[in-house]
Amino acid sequence: QVQLVESGGGLVQAGGSLRLSCAASGRTVSSLAMGWFRQAPGKEREFVAAIDWNGAYTEYVPSVKGRFTISRDNAKNTVYLQMNSLKPEDTAVYYCAASWTPGTNVRRYQYWGQGTQVTVSS
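Here goes a summary of the coordinates provided. (Residues numbered from 1 in each chain as written. Predicted model: local features only at pLDDT ≥ 70, side-chain atom pairs only at ≥ 80, totals over all residues. Heavy atoms only, no water.)

### A short note on the pairing of strand β8 (residues 78-83)
In plain terms, the rule: Partly exposed describes any residue whose relative accessible area lies between the buried limit of under 20% and the exposed limit of over 50%, with all areas from a 1.4 Å probe on protein chains only and scaled to the type maximum. Counting from the N terminus, the helices are DSSP H or I runs at least four residues long and the strands are E runs at least two residues long. If DSSP finds at least two bridges between two strands, the strands pair.
Of all six residues in β8, five are buried; the element is thus mostly enclosed. The pairing of strand β3 (residues 18-26) with β8 spans six bridges and is antiparallel. Opposite R19, over in β8, you have Q82 as the bridge partner. By the bridge criterion, six bridges tie strand β7 (residues 68-73) to β8 in an arrangement that is antiparallel.

Here is the structure:
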């Protein structure tokens, strides 16, 4: 079993930055691909960024490319999402997820954290 715990969310003004962390525990965590998703009120959960087990592959939704960076530290079993130049439309609950293969489809991911709220004020 894999457990994921997100942290780092909060309230920030437009143009500001936040770094989300996802602490993972369980067997074979360092072998898993990791993703970040977000869900705004009244909307479906959407893909934000993904990274494979060693960081060689990363992928982003076009709306965050150039502003967000996903990274991982396998020694710490932690995945990060650095978010810069935040916009009000980035406001959502952000979820960390794990999968045996990387990708953008929410159904691909078997393990999920509880989410952390990110609110960007204008």
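Continuing now.
### Digging into the environment of G66
Following the sequence through the fold, G66 ends up in the loop between β6 (58-60) and β7. Given the relative accessible area of 80%, G66 is considered exposed.

### Comments concerning the sheet that holds strand β1 (residues 2-7)
Applicable threshold: Interaxial angle, 0 to 180 degrees, is taken between N-to-C directions of lines fitted to C-alpha atoms, where a helix line uses only the stretch in contact.
A sheet is described by the order of its strands in space; here four strands give the open sequence β1-β3-β8-β7, paired in antiparallel fashion. Looking at which strands have only one partner, the edges of the open sheet turn out to be β1 and β7. In this sheet, neighbouring strand axes are inclined to one another by 15 degrees on average, regardless of whether the strands run parallel or antiparallel.

### Here's the deal with the side chain of T78
This is how the line gets drawn: Side-chain atoms alone can form a polar contact between residues adjacent in sequence; in general such a contact is a pair of N or O atoms within 3.5 Å, and within protein one must be able to donate a hydrogen while the other accepts it. What makes two residues a contact is simply this: any of their non-hydrogen atoms within 4.5 Å.
Checked against the element boundaries, T78 lands in strand β8. At 2.8 Å, the side chain of T78 and the backbone oxygen of K76 are in polar contact. Those residues in contact with T78 that sit more than four places away from it in its chain are S21, C22, A23, S71, R72 and D73.

### Some words on the state of the cysteines
Quick reminder of the rule: Counting rule for disulfides: a pair of cysteine sulfur atoms within 2.5 Å.
By the definition in use, this model includes one disulfide. The partner cysteine of C22 in its disulfide is C96, sulfur to sulfur 2.0 Å. Given an S-S torsion of about -75 degrees, the disulfide between C22 and C96 has left-handed geometry. Taken as a pair, C22 in strand β3 and C96 in strand β9 (residues 92-99) lie far apart in primary sequence, 74 residues in all. Residue C22 shares its accessibility class with C96, and that shared class is buried.

### Looking at the pattern of salt bridges
Where we set the bar: Whenever a carboxyl oxygen of Asp or Glu lies within 4 Å of a side-chain nitrogen of Lys or Arg, that contact is scored as a salt bridge.
Applying the stated criterion across every chain yields a total of three salt bridges. Here R38 and E46 are joined by a salt bridge, their closest N and O atoms 2.6 Å apart. Residue classification places R38 among the buried residues on the basis of a relative accessible area of 6%. E46 gets classed as partly exposed once you look at its relative accessible area, which sits at 34%. Two residues, D90 and R67, come together in a salt bridge whose shortest N-O distance is 2.8 Å. Of this pair, D90 sits in the loop between β8 and β9 while R67 sits in the loop between β6 and β7; the two residues are 23 residues apart in sequence, bridging distant segments of the chain. Just as D90 is buried, R67 falls in that class too. Overlapping salt bridges, with partners in common, bring together R38, E46, R67 and D90 in one network.

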